[in-house]
Amino acid sequence: MVEIEKIILHVLDCEHNTCIPSTSCMQELHPEIEKMILSKVDKVFRSSLRKNGNLHKSHIFTSWLDSYKQQALSFEDLSCQLAQYLFDKKMQYAQYQSSDCMIAIIMKEGRRYLFVLDNSYIQGITHHLKQNEVGIVNEIITHQTLLSSNLLSKDRAFVIELSDYSLLCVEQKVEIEGSKQNFIGDIVLQSKIAPSYKESVSNISKITEAMSDKYDLDEVEIIPKMKSIIVDNVEQQKPISVDEIASILFENRPLIQDDFKEEIKKQGIPEQIDVEHVKTTRSQKVQKIKTDKGIEVIIPIDYMNSKEFVEFKNQPDGTISIQLKNITHITSK
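Below or above, wherever it landed, is the structure these notes cover. Predicted model, so just to flag it, every value in this text is computed and none were measured. (Residues numbered from 1 in each chain as written. Predicted model: local features only at pLDDT ≥ 70, side-chain atom pairs only at ≥ 80, totals over all residues. Heavy atoms only, no water.)

Here we come to the overall build of the chain. A count of helical and extended segments in the chain gives ten helices and 17 strands. Over its C-alpha trace the chain gives a radius of gyration of 25 Å, far above what one expects of a compact globule, namely 20 Å for 333 residues. Expressed along its principal axes, the backbone C-alpha trace of the chain runs to roughly 85 × 60 × 40 Å. For the chain, buried positions account for 41% of its 333 residues. Long-range pairs, those at least 24 residues apart, make up 61% of the contacts in the chain between residues at least 6 apart in sequence. On the chain, the mean spot of the 40 positive side-chain charges and the mean spot of the 49 negative ones are 3 Å from each other. (Helix = DSSP H or I, 4+ residues; strand = E, 2+ residues; numbered from the N terminus. Rg over C-alpha atoms; globule rule 2.2 N^0.38 Å. Buried < 20%, exposed > 50% of the residue type's maximum accessible area, 1.4 Å probe, protein only. Contact = heavy atoms within 4.5 Å. Lys, Arg positive; Asp, Glu negative; His and termini not counted. Charge placed at Lys NZ, Arg CZ, Asp CG, Glu CD.)

Here it is in structure tokens:
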């Protein structure tokens, strides 16, 4: 259950190089607006893109938050400083998309947080009424600055726990000065942020494929096994252990296990990957196989390594055959 203590909205009009701050909080939110905001907050905490870290003690935000907690700085002034700082960084690093900056103090499960959402716009079509010398004219126009209750791909958010300054960010990496970076984590907060669940799983998949190529392993066997481990852990809401993946995928191959774990470490992936609130996707539950003849087969990962349902055979002429077994019905799609 999330409760909003205070909330304020600032406009970051990057297109016209203007930050338009509010001087007071929003009052008596309409139920539908409050529902939309709470939906956004909930999606941030549950997002598979969330990245955890801690606010650096020397960061300017730490000083501002200390002043706020000591009541030397009002929430309104704190929010204005945060919004201006975010706006300046957007302009400095060519992140020119205009947005509404929503800043709030929220309570969740007995803990107080600072919630900051750089809320991007969506475009919609609506009507517009105007009056001229002839009379009333109703027109259809595009509206450029609508907000969505969903968490959009261009939205950026961060949440700071006010007792220990632990934080989480939700954002997609963007091109900054020639490399892919976390704008909020790397530029705005300047903090060490662990990769999200989604990023971690993507990197684990790439590293597993690289190990298969490097050590001439059977990718058709290794990749589904890796997916199966991840799916099982997510469905049980059990953290994914890098050591467990290494030991299962590369059983009795300690050198490959060490190489795999070293590559994982280089990517900044934690030894235990948090899966709280994460849901498995269809692509994680199936393995797509494509032959050199253009034939594609999609097989549930639970069946991939079971000869009772699927069997891969190496033929004397060097070709591979795939046999599907125990099929009772076939449909055409």
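Turning our eyes to something else, we now look at the packing of helix α5 (residues 197-214) against helix α8 (residues 254-266). Closest axis-to-axis distance for the α5/α8 pair is 10 Å, and the angle between their directions is 145 degrees. Viewed along their axes, α5 and α8 form a crossing whose handedness is right-handed. Facing α5, whose interface residues are I204, I207, T208, M211 and K214, α8 presents I256, D259, F260, E263 and I264. Among the residues forming the contact of α5 with α8, the class breakdown is six nonpolar, one polar and three charged. (Axes fitted to C-alpha atoms, helices over the stretch in contact; angles between N-to-C directions. Left-handed = near helix turned anticlockwise from the far one by under 90°. Nonpolar A, V, L, I, M, F, W, Y, C, P; charged D, E, K, R; others polar.)

Bringing the nonpolar core into the picture now. Within the largest apolar cluster, 38 residues are counted, with the highest numbers of intra-cluster contacts made by F61, I103, L114, I160, F183 and L189. The biggest single contributor to this core is helix α3 (residues 75-92), with seven residues. Discounting chain neighbours no more than four positions away, the residues touching I103 are K6, I7, I8, H10, F75, S79, L82, A83, L114, F115 and V116. Residues I204, I229, V234 and I273 belong to the second largest nonpolar core, which totals 25 residues. (Core = buried A, V, L, I, M, F, W, Y, C linked by side-chain atoms within 4.5 Å.)

Here we come to the pairing of strand β14 (residues 286-290). Note that β14 and strand β15 (residues 296-300) share five bridges and pair antiparallel. From the neighbouring strand, Q287 faces β15, where its bridge partner is I299. Hairpin connection from β14 to β15: five residues lie between these consecutive antiparallel strands, with G294 at a positive phi of about 90 degrees. (Pairing = 2+ DSSP bridges.)

A separate point is the pattern of salt bridges. A complete count under the given rule lists 18 salt bridges for this structure. Close ionic contact of D274 with R50 constitutes a salt bridge, the shortest N to O distance being 3.2 Å. Of this pair, D274 sits in the loop between β13 (272-273) and α9 (282-285) while R50 sits in strand β3 (residues 50-54), and the two are 224 residues apart along the sequence. Since its relative accessible area comes to 9%, R50 is described here as buried. E296 is the partner of K288 in a salt bridge, and the nearest nitrogen-oxygen pair spans 4.0 Å. (Salt bridge = Lys/Arg side-chain N within 4 Å of Asp/Glu carboxyl O.)

Right, let's talk about a nonpolar patch on the surface for a bit. A cluster of nonpolar residues, I320, I322, L324, I327 and I330, forms a patch on the protein surface that exposes about 500 Å² of accessible area. Among the secondary structure elements, I322 is positioned in strand β17 (residues 320-324). Of the residues examined, I322 reaches a relative accessible area of 34% and is grouped as partly exposed. (Patch = residues over 30% accessible without salt bridge, like charges linked within 9 Å, V, L, I, M, F, W, Y side chains within 5 Å. Areas by Shrake-Rupley, 256 points an atom, 1.4 Å probe, with all protein chains shown as cover.)

So, on to unusual backbone geometry. Phi at E177 takes a positive value of approximately 50 degrees, unusual for a residue other than glycine. Looking at where E177 falls in the secondary structure, it is placed in the loop between β10 (174-176) and β11 (179-181). Residue N252 is not a glycine yet carries a positive backbone phi of 65 degrees. For N252, the location among the structural elements is in the loop between α7 (242-249) and α8.

Moving on: α5. For α5, spanning 18 residues, the distance from its first C-alpha to its last is 25 Å, which sits close to the expected 26 Å at 1.5 Å a residue. For α5, the complete set of buried residues consists of Y197, E199, S200, V201, N203, I204, S205, I207, T208, M211 and S212. (Expected span 1.5 Å × (residues − 1).)

Moving on to the state of the cysteines. Summed over the entire model, instances satisfying the criterion amount to zero disulfides. The thiol of C169 is unpaired, and the distance to the nearest cysteine sulfur, on C101, comes to 14 Å. Residue C169 is classed as buried on the basis of its relative accessible area, which comes to 0%. (Disulfide = S-S within 2.5 Å.)

Attention now moves to the environment of F312. Note that F312 resides in strand β16 (residues 310-314). Excluding its chain neighbours within four sequence positions, the residues that come into contact with F312 are V220, I289, M304, S321 and I322.

So, about the sheet that holds strand β8 (residues 156-161). Here we have seven strands laid out as an open sheet, ordered β2-β1-β4-β5-β8-β9-β3, and antiparallel in their pairing. Taken across any chain shown, the strands that pair with only one partner, and hence form the sheet edges, are β2 (18-20) and β3. Neighbouring strand axes in the sheet, compared pairwise and without regard to direction, differ in orientation by 20 degrees on average. Where strand β1 (residues 2-13) meets strand β4 (residues 99-108), ten bridges bridge the pair, whose relative direction is antiparallel. Of the residues in β4, the one forming a bridge with I7 is A104. Running over the sheet, α3 touches β1, β2, β4, β5 (111-120) and β8 and is turned about 45 degrees from β1.

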